[in-house]
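Secondary and tertiary structure notes
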Amino acid sequence: MKFMNRKFKVLCFTDDAAGRDVEMVLPIKIFAEKFLSCEFSHALNIDIHQIYKVKPDLILQANTVGSNLYFEISKIAHEQNIPIFALISEGNFRTDGSFDFWGFNRDKKFYQEYVCCWSERTAEFLKKEVPEAKEKIVVTGGVGFDRYSIYKFMQKEYFLSKYNKNEYKKIVGYAGWAFGKLDHKRGKEELLIWAKGDEAKLLWIEEQRKKVRDILKEAIENNPDILFILKQHPQENAPERPDPVKNEMSELTHFKNVIYLCNEESIHDIISVSDLWASFESTTALEAWLMNKQTIFINPEPDFNRDELYKGTVLVHSSSELQNKINQFYSNGRINEFFQAEKESIRKRLIKDIIGYGDGLNHVRACYFLNQSLEKSKTQNLVYKFHFWHWLVYVLIRIAAPFYYRKIFSKIFKLKKHLWVFENYKMEKLNQLFTHYSSFLTQFYNALNIDREGLFNCINK
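Note that this is a predicted model, so its numbers are computed, not measured.

Some words on the pairing of strand β3 (residues 58–61)
- Residues Leu58 and Leu60 line one face of β3 and the alternating positions Ile59 and Gln61 line the opposite face, and both faces are buried.
- Pairing between strand β1 (residues 8–14) and β3: four bridges, direction parallel. Residue Val10 lies in a different strand from β3, and its bridge partner there is Leu58.
- As a crossover connection, the stretch from β3 through helix α3 (residues 68–79) into strand β4 (residues 84–86) is right-handed.

Structure follows, in structure tokens:
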């Protein structure tokens, strides 16, 4: 393998300074800086002027279809001959034709160098749907799931101390669904897409919200010795609407044995400190399985349009059923139904079908193709065009930022939808996560004897 003495400049765009997309790109960054002679710059995806400012050899993104900004960056990179390497944030998509895998990609063309699918299932589907891009479509596995094989997560004792809840010994975690989207216009539109345009489904969603709320409420009231961590869905609210949403958990925050979290903690840390993991429906169930946690879906009416994750978990329909499972878990350390042979087999299949591999090496697989993209950048005639509008956005952010005060900015119509920009454009949270995660990944590479000479051998074993 040939390495250059000079550093490759990689500009990485994310939609936040922490969260799902950041968790996906950080292992790529750490590996590429350590082994592929890369140096990284980071920016929010609204800060597109950074392309002209940094003049990168390559642009990295978590996806190219999740927002207008992500798509715009991918198209600009293509037009300026700058290789763009992108992952897929929502890689567990349905292959029955019901999922719009183009998202915000209006051109219906893959501008990135590779389409990094999570599994063979989704890769084969895309090859059939977009045969002209067949050579670009590869399987890397779900990069964001590598952390469950590599990182050390928060411990229960530390969490309890942090939130002054040391009197509790038992913790049940709950991952919120998108019920709060009913609370605002953009959210309703997104739910209608999920419901395939059936407005009657919005009434059904509201009914389920109330039923799940009541089941949770009864569990909280009946188990005062258990601390319930209720985690809001990360995409439930809209950027232009800073007010709290009403969901299945928001009316339960007043209970002493409840902690309601929005963005304060990473989902993997919350799963880590929980004894038992519950939700209405959530891909966090798979993350919980990777951390050897038992899972419950609270489904008053389980027959609805959904992914197969429910087949690998325990379903409860009522307060009494949930209480029965909680009692069983804390009496025996296990929910018997969860360990049925059929469910265990289904979980193994789902992990393969959804994230491809659970060995912690998905980011290495992705970096194999990243390296091919870096090699291409050496032969490309890279162009960096000045865009007045992108420059103006860049300047306005930095002029307004010193005066940022959330209570005031949230009252100004033109500014309230951009609170996330002022709070994250310096990428301080990302840099803190990078420092925290680097040692875990270094230990992982050392354990596998990964070095430059046999860099990608581990993924071919």
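Some details on empty space enclosed by the protein
- The final tally for this structure, using the stated rule, is three cavities of 30 Å³ or more.
- Approximately 60 Å³ is the volume attributed to the largest cavity.
- Secondary structure elements with two or more residues in the lining of the largest cavity: β7 (170–175), β10 (276–279), β11 (294–298) and α11 (319–332).
- It is β7 that contributes the most residues to the lining of the largest cavity, three residues altogether.
- In this structure, the second largest cavity spans a volume of roughly 50 Å³.
- As for the second largest cavity, its lining consists of Ile48, His49, Ile51, Tyr52, Ile76, Gln80, Lys385, His387 and His390.
- Along the lines of polarity and charge, the residues of the lining of the second largest cavity split into four nonpolar, four polar and one charged.

Considerations on the nonpolar core
- Ranked by size, the top nonpolar core spans 140 residues in total, and within it Phe31, Leu36 and Phe85 carry the most contacts.
- Residue contributions to this core peak at nine residues, all from helix α1 (residues 20–35).
- Membership of the second largest hydrophobic core comes to twelve residues, among which are Val54, Ile73, Ala77 and Ile84.

Some remarks on the layout of surface pockets
- What the second largest pocket holds in volume is close to 320 Å³.
- Forming the boundary of the second largest pocket are 15 residues, of which Ile46, Trp389, Val393, Ile397 and His418 lie nearest the centre.
- For the lining of the second largest pocket, the element with the most residues is helix α14 (residues 388–400), which contributes six residues.
- Split into classes, the residues belonging to the lining of the second largest pocket amount to eleven nonpolar, two polar and two charged.

Examining the packing of aromatic side chains
- Considering all chains together, one arrives at 33 aromatic pairs under this definition.
- Taken together, the ring pairs connect Phe31, Phe35, Tyr114, Tyr368, Phe369, Phe444, Tyr445 and Phe456 into an aromatic cluster.
- Here Lys29 stacks its cationic end above the ring of Phe434, 4.4 Å away from the centre of that ring.

Structural notes on unusual backbone geometry
- At Ser37, a residue that is not glycine, the phi angle is positive and equals roughly 55°.
- One can find Ser37 in the loop between α1 and β2 (38–44).
- On the basis of relative accessibility, which here comes to 6%, the residue Ser37 falls in the buried class.
- Here the phi dihedral of Asn449 falls at roughly 55°; this positive angle occurs in a residue that is not glycine.
- As for its position among the elements, Asn449 is in the segment after α18 (428–447).

Brief notes about the packing of α1 against α18
- One can describe the packing of α1 onto α18 by two numbers: an axis separation of 9 Å at closest approach and a directional angle of 60°. Taken together, the axes of α1 and α18 lie oblique to each other. Crossing geometry of α1 relative to α18 is assigned as right-handed. Of α18, the residues touching α1 (which contributes Val22, Glu23, Leu26, Pro27, Lys29, Ile30, Phe31, Glu33, Lys34 and Phe35) are Leu430, Leu433, Phe434, Tyr437, Ser438, Leu441, Thr442 and Tyr445.

Description of the sheet that holds strand β8 (residues 226–231)
- Spatially, six strands are ordered β9-β8-β7-β10-β11-β12 in an open sheet, and the strand pairing comes out parallel. Among the strands making up the open sheet, the edge pair consists of β9 (258–261) and β12 (314–316). Averaged over all pairs of adjacent strands, the angle between strand axes in this sheet comes to 25°, irrespective of strand direction.
- Judged from the four bridges that link them, β10 and β11 form a sheet pairing that is parallel. Bridge pairing in β11 links Ser279 to Phe297.
- Each of β7, β8, β10, β11 and β12 is contacted by α11, which is oriented at about 140° to β12, the strand it contacts most.

Side note on the environment of Lys156
- Mapped onto the secondary structure, Lys156 falls in helix α6 (residues 156–162).
- Residue classification places Lys156 among the buried positions, given a relative accessible area of 19%.
- With residues up to four places along the chain from it excluded, the contact list for Lys156 reads Lys169, Ile171, Val273 and Asp275.
- At 2.7 Å, the side chain of Lys156 and the side chain of Asp275 are in polar contact.

A closer look at α1
- Its 16 residues give α1 an end-to-end C-alpha distance of 24 Å, which sits within 8% of 22 Å, the value for a rise of 1.5 Å per residue.
- Trailing α1 by a residue or two, Ser37 shows a phi angle of about 55°, which is positive.

Let's talk about the pattern of salt bridges
- Applying the stated criterion across every chain yields a total of 30 salt bridges.
- With a shortest N-O distance of 3.2 Å, Arg20 and Asp21 are connected by a salt bridge.
- Between Lys181 and Glu190 there is a salt bridge; the shortest N-O distance is 2.7 Å.
- A relative accessible area of 12% places Lys181 in the buried class.
- Here the salt bridges do not stand alone but share partners, grouping Glu206, Arg209, Lys210, Arg213, Asp214 and Glu251 into one network.

Procedures and definitions
Residues numbered from 1 in each chain as written. Predicted model: local features only at pLDDT ≥ 70, side-chain atom pairs only at ≥ 80, totals over all residues. Heavy atoms only, no water. Buried < 20%, exposed > 50% of the residue type's maximum accessible area, 1.4 Å probe, protein only. Helix = DSSP H or I, 4+ residues; strand = E, 2+ residues; numbered from the N terminus. Pairing = 2+ DSSP bridges. Right-handed = clockwise from strand over helix to strand, strands pointing away. 1 Å grid on protein atoms, 1.4 Å probe; cavity = no way out; pocket = protein on both sides within 12 Å on 5 of 7 lines; lining within 4 Å. Points joined across faces, edges and corners; volume = space filled by probe spheres on them. Nonpolar A, V, L, I, M, F, W, Y, C, P; charged D, E, K, R; others polar. Core = buried A, V, L, I, M, F, W, Y, C linked by side-chain atoms within 4.5 Å. Phe/Tyr/Trp six-rings, centres within 6.5 Å; stacked < 30°, edge-to-face > 60°. Lys NZ or Arg CZ within 6 Å of the ring centre and 35° of its normal. Axes fitted to C-alpha atoms, helices over the stretch in contact; angles between N-to-C directions. Parallel < 35°, antiparallel > 145°, perpendicular 65-115°, else oblique. Left-handed = near helix turned anticlockwise from the far one by under 90°. Contact = heavy atoms within 4.5 Å. Polar contact = N/O pair within 3.5 Å; in protein donor to acceptor, adjacent residues only side chain to side chain. Expected span 1.5 Å × (residues − 1). Salt bridge = Lys/Arg side-chain N within 4 Å of Asp/Glu carboxyl O.

From the geometry alone we can't say anything about function, so treat these as descriptive.
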